[in-house]
Amino acid sequence: MIRSVVRGIGSALPRRIMKNTDFEGIVETSDEWIAQRTGIRQRHIAADDETTASLGEAAARAALENAGLTPDDIDLIVLATSTPNNTFPATAVDIQNRLGMRHGFAFDMQAVCSGFVYAVTTADLYIRGGQAKRVLVIGSETFSRILDWNDRSTCVLFGDGAGAIVLEAQQGEGTIGDRGVLAASLRSDGVHKDKLFVDGGPSTTGTVGHLKMEGREVFKHAVGMITDVIEDVFTQTGVTAENLDWFVPHQANKRIIDASAKKLGIAEEKVVVTVNLHGNTSAASVPLALAAAVADGRIKRGDLVMLEAMGGGFTWGAVLLRW
Ligand code: UT7
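**Student:** Explain the overall build of the protein to me, please; I cannot follow it from the model alone.
**Tutor:** Within the protein one finds nine helices and 13 strands. In terms of overall size, the protein behaves like a compact globule, its C-alpha atoms giving a radius of gyration of 18 Å where 323 residues would be expected to give roughly 20 Å. In terms of principal-axis extent, the alpha carbons of the protein reach across some 55 × 45 × 40 Å. Looking at the 323 residues of the protein, the share that counts as buried comes to 57%. In the protein, the proportion of contacts linking residues at least 24 apart, taken out of those at least 6 apart, comes to 75%. Working note: accessible area of the protein is about 13,400 Å², and carbon and sulfur atoms make up 48% of it. Positive and negative side-chain charges of the protein, numbering 32 and 39 respectively, have mean locations separated by a distance of 2 Å.

See below:
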């Protein structure tokens, strides 16, 4: 059977780093509160000339170079983002244009922090359905643009950045020994739509709006939702927590990551953590964490990797792949 195998990976971060202490003059907070409650120590914040499209383009170029490919080799771009450059056209077509791609097709996916997990699952279906041979899957965000910089309960949590992978159709045996995407489980439940949302939009206020979150409510649901979809993937594949080489969770809060890993029985040394460096970069957080663990040599060819994310909607999901 055809499998969607990761052929390359890349990432891009804004030049400016903002430390926790840099917030102390902006809102009533402290490095200690932020670090203890979330694990975040710093995040990158985009300058005016750094956008979701420019960061996404940089991550895409890095992934193509890592794969030894050019834009000519790509059939489809799927961009996961909730902070597009414009309401339309899709920022994915902006990136397509920036890459000089005049063939194929490109679109955005909006599942907030679960965007990359949704996008990988979607790209895998296009590949296995024969609609595309190589897909650039990008997560790129500039959440700093939709933050209320007077709201200490949200502005300290998020950061900007982008990560990308190239998925390629390769022949597999149809077993979990194959490289590539092996299984996925996606969920959403709109009953929670008012717990984490942006209070503006083209069809309502005609403005972009600002992020609003009932943090405690999100926290309360997060661990159960994350572990449910991972357990579904375990059931689908027969894989267990012990079989995993790496757990690459959405990077929102170190306490959520630790509690999820503990509940699933995933050993601490298998958990990739970048929330300390990047904050919550929404759809970019999983590919940024993946890229960091590949770059430093932790994730190697043949490793079994579990990705997961949970966010606004709520949306949540998990993807199991062999690197
Ligand atoms: O990516 C999408 C998923 N999003 C998430 O996963 C976020 C999930 N939620 C969380 O990570 C946590 O709920 C937060 C980090 C947002 C908050 O942590 P918490 O332990 O749930 O704190 P809390 O909301 O219960 O607030 C505790 C106190 C409050 O003061 P009072 O009411 O106890 O007097 C807040 O006003 O901390 C206060 N507080 C702050 N203090 C200093 C809230 N934000 C800050 C801050 N600095 N930045």
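**Student:** Would you mind going over the pairing of strand β12 (residues 304–311) with me for this structure?
**Tutor:** Along any regular strand, the residues point their side chains to alternate faces of the sheet. Burial analysis of β12 places eight of its eight residues in the buried class, which makes it a mostly covered element. Where burial is concerned, the two faces of β12 agree: the one with L304, M306, E308 and M310 and the one with V305, L307, A309 and G311 are both buried. The pairing of β12 with strand β13 (residues 315–322) spans eight bridges and is antiparallel. Looking across to β13, one finds that M310 is bridged to W316. The antiparallel pairing of β12 with β13 creates a hairpin that spans three residues between the two strands, and G313 there sits at a positive phi of about 140 degrees.

**Student:** Got a minute to help me understand helix α3 (residues 91–98) in this structure?
**Tutor:** Residues that lie three or four places apart on an α-helix share one face, since the helix turns once every 3.6 residues. Residues of α3 that are buried include every one of T91, A92, I95 and Q96, and no others. End-on view of α3: buried residues confined to an arc of 150 degrees, all on one side of the axis. Looking one or two residues past α3, G100 carries a phi angle of roughly 75 degrees, positive in sign.

**Student:** In this structure, what is going on with the site of the ligand? I would like to understand it.
**Tutor:** Within the structure, the ligand sits among 24 residues, and T29, R37, R216, N253 and N280 are positioned closest to it. Between the ligand and R37, the relevant distance is 2.8 Å, taken from an oxygen atom to a side-chain nitrogen or oxygen of the residue. Here the ligand loses 76% of its free accessible area of 950 Å² to cover by the protein chains. Counting residues per element, the ones that place at least two in the shell around the ligand are α1 (31–38), α5 (152–155), α6 (215–237), α7 (254–264) and β12. Top contributing element to the shell around the ligand by residue count: α6, with four residues. Among the residues making up the shell around the ligand, the classes are represented as 11 nonpolar, eight polar and five charged.

**Student:** Where do I start with the sheet that holds strand β7 (residues 160–171) in this structure?
**Tutor:** Sheet strands line up and pair through hydrogen bonds in the backbone, either parallel or antiparallel. Pairing in this open sheet of five strands is mixed, and the strands run β1-β7-β6-β4-β5 from one edge to the other. A strand with exactly one partner marks an edge of an open sheet, and here the two such strands are β1 (2–12) and β5 (105–109). On average, adjacent strands in this sheet sit at an angle of 20 degrees to one another, irrespective of strand direction. Relative to strand β6 (residues 134–142), strand β4 (residues 76–80) is paired through five bridges, and the arrangement is parallel. Residue pairing across strands places L76 opposite V135, the latter belonging to β6. Its contacts with the sheet put helix α2 (residues 52–67) on β1, β6 and β7, and the angle it makes with β1 is roughly 120 degrees. Running at roughly 140 degrees to β5, α3 makes contact with β4, β5 and β6 of the sheet.

The rules we used
- Residues numbered from 1 in each chain as written.
- Predicted model: local features only at pLDDT ≥ 70, side-chain atom pairs only at ≥ 80, totals over all residues.
- Heavy atoms only, no water.
- Helix = DSSP H or I, 4+ residues; strand = E, 2+ residues; numbered from the N terminus.
- Rg over C-alpha atoms; globule rule 2.2 N^0.38 Å.
- Buried < 20%, exposed > 50% of the residue type's maximum accessible area, 1.4 Å probe, protein only.
- Contact = heavy atoms within 4.5 Å.
- Areas by Shrake-Rupley, 256 points an atom, 1.4 Å probe, with all protein chains shown as cover.
- Lys, Arg positive; Asp, Glu negative; His and termini not counted.
- Charge placed at Lys NZ, Arg CZ, Asp CG, Glu CD.
- Pairing = 2+ DSSP bridges.
- Arc of directions from axis to C-beta.
- Near = heavy atom within 4 Å.
- Polar contact = N/O pair within 3.5 Å; in protein donor to acceptor, adjacent residues only side chain to side chain.
- Nonpolar A, V, L, I, M, F, W, Y, C, P; charged D, E, K, R; others polar.
- Axes fitted to C-alpha atoms, helices over the stretch in contact; angles between N-to-C directions.

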